[in-house]
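# Structure assessment
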Amino acid sequence: MILDEIYLFLKSAGRVKTHAAFSVQYLGHSARYYDYLRCAGAAPSLQSLIKLATHLSDIAHETGDDLNESPAGQLAKRVMSRALMRCR
């Protein structure tokens, strides 16, 4: 799941320490939302995907890198692509 990849990226960057923090700060839901998604195999909400892509884009811009060159930017593009696919 892409959320696992993003969680590990953010954790290694020192931006998040726990699943609960990731759920609240980056997905915009309750502290157990990410754990629920993982256990149930459920898809994240459209709102969560857009919020996550926005945060990742902000991180990419903080470094001054182009979205295509930054790991955060590349993740943001992948998340936004999934969000747009859900809107079809």
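Here, every reference points to the structure presented above.
All of the points below concern the structure found in this document. Keep in mind that this is a model prediction, so the values were computed, not measured. (Residues numbered from 1 in each chain as written. Predicted model: local features only at pLDDT ≥ 70, side-chain atom pairs only at ≥ 80, totals over all residues. Heavy atoms only, no water.)

Turning to the nonpolar core, a few remarks are in order. Counting residues in hydrophobic clusters, the biggest one holds 24 residues, and the most contacted among them are Ile-6, Leu-10, Phe-22, Leu-52, Leu-56 and Val-79. If you list the elements that add at least two residues to this core, you get α1 (2–12), α2 (19–26), α3 (33–40), α4 (46–62) and α5 (71–86). With six residues, α4 is the largest single contributor of residues to this core. In this view, Leu-10 contacts Arg-15, Val-16, Phe-22, Tyr-26, Leu-56 and Ile-59; residues no more than four positions away in its chain are not counted. (Core = buried A, V, L, I, M, F, W, Y, C linked by side-chain atoms within 4.5 Å. Buried < 20%, exposed > 50% of the residue type's maximum accessible area, 1.4 Å probe, protein only. Helix = DSSP H or I, 4+ residues; strand = E, 2+ residues; numbered from the N terminus. Contact = heavy atoms within 4.5 Å.)

Time to look at the packing of aromatic side chains. Taken as a whole, this structure holds four aromatic pairs when the rule is applied. Ring centres of Tyr-7 and Tyr-34 lie 5.6 Å apart, and the angle between their planes is 35°; this geometry places the pair in the tilted category. One end of the pair, Tyr-7, is in helix α1; the other, Tyr-34, is in helix α3, with 27 residues separating them in the sequence. The same class applies to Tyr-7 and to Tyr-34, which are both buried. Through pairs of rings, three or more aromatic residues link up here, namely Tyr-7, Phe-22, Tyr-26 and Tyr-34. (Phe/Tyr/Trp six-rings, centres within 6.5 Å; stacked < 30°, edge-to-face > 60°.)

For the rest of this paragraph, the subject is α3. Of the residues making up α3, those classed as buried are Tyr-33, Tyr-34 and Leu-37. Across the axial projection of α3, the buried residues extend over an arc of 105°, all falling on one side. Next to the buried residues of α3 lie α1, α2 and α4. Gly-41 sits one or two residues past α3 and shows a positive phi near 70°. (Arc of directions from axis to C-beta.)

A few words now on the pattern of salt bridges. Between side chains of opposite charge, pairing is possible as soon as their charged atoms come close. Inspection of every chain in the model, using the stated rule, returns four salt bridges. In this structure, the salt-bridge partner of Asp-4 is Arg-38, at a minimum N-O distance of 3.0 Å. Of this pair, Asp-4 sits in helix α1 while Arg-38 sits in helix α3, and the two are 34 residues apart along the sequence. On the accessibility criterion, Asp-4 (22% relative accessible area) is partly exposed. In this structure, Arg-32 engages Asp-35 in a salt bridge whose closest nitrogen and oxygen atoms are separated by 3.6 Å. The class for Asp-35 is partly exposed, based on a relative accessible area of 22%. (Salt bridge = Lys/Arg side-chain N within 4 Å of Asp/Glu carboxyl O.)

It is worth spelling out the environment of Ser-48 at this point. Along the chain, Ser-48 turns up in helix α4. For Ser-48 and Ala-83, which are 35 residues apart along the polypeptide, the C-alpha to C-alpha distance reads 9.0 Å. When sequence neighbours within four positions are dropped, the list of residues in contact with Ser-48 reads Tyr-26, Leu-27, His-29 and Tyr-33.

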